[in-house]
Each structure stands twice: as structure tokens, then as C-alpha cells.
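Here's the letter readout for the chains.
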Amino acid sequence: MAPTGLWLIGARGSVATTAITGLLALRAGVVPPVGCVSAQQEFADVPLPDWDEIHVGGHDITDTSLEKRAELLAESGVIPHRVLEAVRPALSEVDDQVRPGYHPATHTGTQADAARALSADLSAFAERHGLARVVVVNVSSTEPVFPPLPEHDNLETLEAAMAVPGRTVLPPSSVAAYAALRADCPFVDFTPSTGVRLPALTALADRRKVPYAGSDGKTGETLVRTTLAPMFTTRGLTVRSWAGTNLLGGGDGMTLADAEHAGSKLASKGRGLATLLGREVTAPLHIDNVPDLGEQKIAWDHVSFDGFLGARMSMQFTWTGYDSSLAAPLVLDLARFTAAAHAAGRTGALKELAFFFKDPMGSDEHRLAQQFSALVDWAGTL
């Protein structure tokens, strides 16, 4: 496949740094593609970009270098030290491709100005490396829920509002999505933030004939839920409640400790459960910041259900993992599948990528096995 760009929003964060380090290690043959769905045998004949055909750049609002972030991740157990040493020089080269991102608190112009600058960075990146396409993936921190505005319903009205000094008509994730679409780049939202999910932006994607996908990567607790919930329904067991508690540290822990930031994450995680079970159930979900956990995340779930003759039973499970390690290979998968879809002329919401998301755009299917079958069938048509 032709050289492809992967542009990461939040390029110096934990997920992005792990994905970049992993890509460089795969390219160098230092590690096998464990956790990479696209590397499985089912997709061997799909025209996906090879690891060495993917060039990486991105936007970020921090100055911490990729090398420094990778060192911190190595200390926390996410990146093996031998892998870091093997790719350290290449990390610095990628860091040179990271540009300042948009932050509403520090930006001095209009949102239209910000979007133009972001689009220009994407176009310059593509030209600099002779890329056939650039897939933009948002892996930045989860945003607070952004209130709906009338301008979100119409592209022309939105663009007029973006050009008004002092107006903040879009959250940063949607400014990034707008900039990507204006640069004719496919956009993937790995976060539960607003991103492309506005009528004006999906209209822009249709107009520019580029695909988009999202949202909120399915990495841990929800992955287990989408596997287990169909077990109860196909077995004819009635789930009465499904309670969950997430304990996490690191940057995600600090961000999601804020109720405003956690709102979109909680909504995203909760929407699929009712669909999986076929009805609404009591499903309280808590997210707590435990700084001592660092990059580690622990999810504890308690499921209460009825069996034959009304027998009350329950199941509990605990999931412990490194969120960045679980998310990073999926970011690479999404870049490869989305690039192949764009090359094949696919447009609009890539509903077949629902397998990767908690709250998939364009699809109401949440059962993991069915999602995987749909992904395999669709990939075979590219």
C-alpha cells in the first residue's frame, strides 16, 4: 500500500506514546504484533499499510518529549526498557513531527484560525513525506460534555460562528475533527469526546468524501461486558443489576476525577449495556482516581441475575491491566483499517469498526463476536 500517515491528537500522551513506541518496535522487528487485531490471519489478504509504510506525526498542547514520556511509561511497567532503548533514536525523529495543538485557553485568534493552522500542519506533513493519505486519530484526554448549540446543525452557520472573535462554538476535539476533514483526512475518535459527532461535521465529511469512525476505544471492562452480556441473554437468564467500579491513576485518573470530564465516559460505557441486555437495568458505574495505581487500571463488576424458578445468583469479576497497553495496538489497527477504507473509496461512518468502540457510530451492534464477524466480512471487501 502507498505510504500512509498516522496523525495523533494528543501525540505526547500515554496512549499515543505507547502506540508510537510499539509501531517503531514492530517496524524494527523487536516485538511480535501481540494485541494487534489487524495482524491476525483473518486479515492477511486485506490491503493494509505495512508497519514500515506508516509515518507518524501529531498535535499536542504539552512540551514533554516523546522520549521523556516513554521513559516514564517504562518506569511504570507499560514499555519494556529493552524496547525503549531499541527505538529511542526513532522516537526523537517522530517527536520532530509533533506540532502545537489547539487549546481554547491559550489560543488568541478565532476557532477558524485555529482550524486553518491545524489543517495546514496536516497538509504539510503529507507533502513532506509523500503520503497518499493521513488518518487522524484523537487520543487526547476526555473532554467535559460540550453543550449543544444551534450552530452545530448546519455547516455554513457553524463556519460563520467559528470566524467570530471570542466565540468558542466547538470543543477542541471537534476543532481537530473539522481541521482533519478540511484537509481531506479520515478522522477516528478513540475518546468519548464530541469530535465529529455533530450534524455539521458529518455533513462536511460527506461533502469531502472521507470516512470517519468512533467512538471511545473498547479496551478493558467494556470489552469483557460485551463478551459476557450475550451469555446471559442467550442462556435466558435475567440480569437484575450490573454495577461497576473503575480505579485508575495516571493522567486518566486525574482527568476523570473531575465529574464534568467523567460524564461523557460514563455515558459512553453505559449506553451499550442496555442494548446488550435488551432492556434497561440498574447499572451504577463509578470512576475513582487512585494515584498510587499509576498507569494501571482496575475494574470490578458485580452482576446480579435470576435463574430458573427465580433463584437469585450473582457473578463478580475483576479486570486489571495497563490501559495504554490495551489501547495502543487498537490505535494502530484503526489507522490501518481506516486507511484501507479510504483507499477503497469508502465514506461516512465506518460502522464495521464497531468492534473497537464502546459507543460505535453508525451501529447498534454491541456483541463482540458479531462485531468481529462483521469486521472480517467487511475487511474482505476492501
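Draft legend 1. Just the pattern of salt bridges, in detail. Inspection of every chain in the model, using the stated rule, returns 17 salt bridges. Its salt-bridge partner being Arg 88, residue Glu 85 comes within 2.6 Å of it at the nearest N-O pair. Separated by three residues within a single helix, Glu 85 and Arg 88 lie in helix H3 (residues 81-95), roughly one turn from each other. For the salt bridge of Arg 225 with Glu 221, the shortest nitrogen-to-oxygen distance reads 3.7 Å. Here Arg 225 pairs with Glu 221, and both are found in helix H8 (residues 221-234), just four residues apart, close to one helical turn.

Draft legend 2. Region of the structure containing the pairing of strand S7 (residues 238-248). Where S7 lies against strand S9 (residues 296-306), ten bridges are found, and the strand directions are antiparallel. Considered in S9, the bridge of Leu 248 is made with Lys 297.

Draft legend 3. A look at the nonpolar core. Grouped together as the largest cluster of nonpolar side chains are 59 residues, with contacts concentrated most on Leu 8, Leu 353, Phe 356 and Leu 375. Broken down by secondary-structure element, the contributors of at least two residues to this core are strand S1 (4-9), helix H1 (14-27), strand S2 (54-60), helix H2 (66-75), H3, strand S4 (133-138), helix H11 (323-343) and helix H12 (368-379). Looking at which element gives the most residues to this core, the answer is H11, with eleven residues. What Leu 353 contacts, discounting residues up to four positions off in sequence, is Ala 213, Leu 334, Phe 337, Thr 338, Leu 375 and Trp 378. Trp 7, Leu 170, Leu 181 and Ala 183 belong to the second largest nonpolar core, which has 38 residues in total.

Draft legend 4. Geometry of the pairing of S2. Within S2, six of the seven residues are buried, which leaves the element mostly enclosed by the surrounding structure. Sheet topology places S1 next to S2; six bridges connect them, and they run parallel. Across the sheet, residue Gly 5 finds its bridge partner in S2, namely His 55. A crossover links S1 with its parallel partner S2, the connecting element being H1, and its sense is right-handed. The sheet contact formed by S2 and strand S3 (residues 98-100) spans three bridges and is parallel. Its bridge partner being in S3, Gly 58 is matched across the sheet by Val 98.

Rules behind the numbers
- Residues numbered from 1 in each chain as written.
- Predicted model: local features only at pLDDT ≥ 70, side-chain atom pairs only at ≥ 80, totals over all residues.
- Heavy atoms only, no water.
- Salt bridge = Lys/Arg side-chain N within 4 Å of Asp/Glu carboxyl O.
- Helix = DSSP H or I, 4+ residues; strand = E, 2+ residues; numbered from the N terminus.
- Pairing = 2+ DSSP bridges.
- Core = buried A, V, L, I, M, F, W, Y, C linked by side-chain atoms within 4.5 Å.
- Buried < 20%, exposed > 50% of the residue type's maximum accessible area, 1.4 Å probe, protein only.
- Contact = heavy atoms within 4.5 Å.
- Right-handed = clockwise from strand over helix to strand, strands pointing away.

Function cannot be read off these values alone, since they describe shape.
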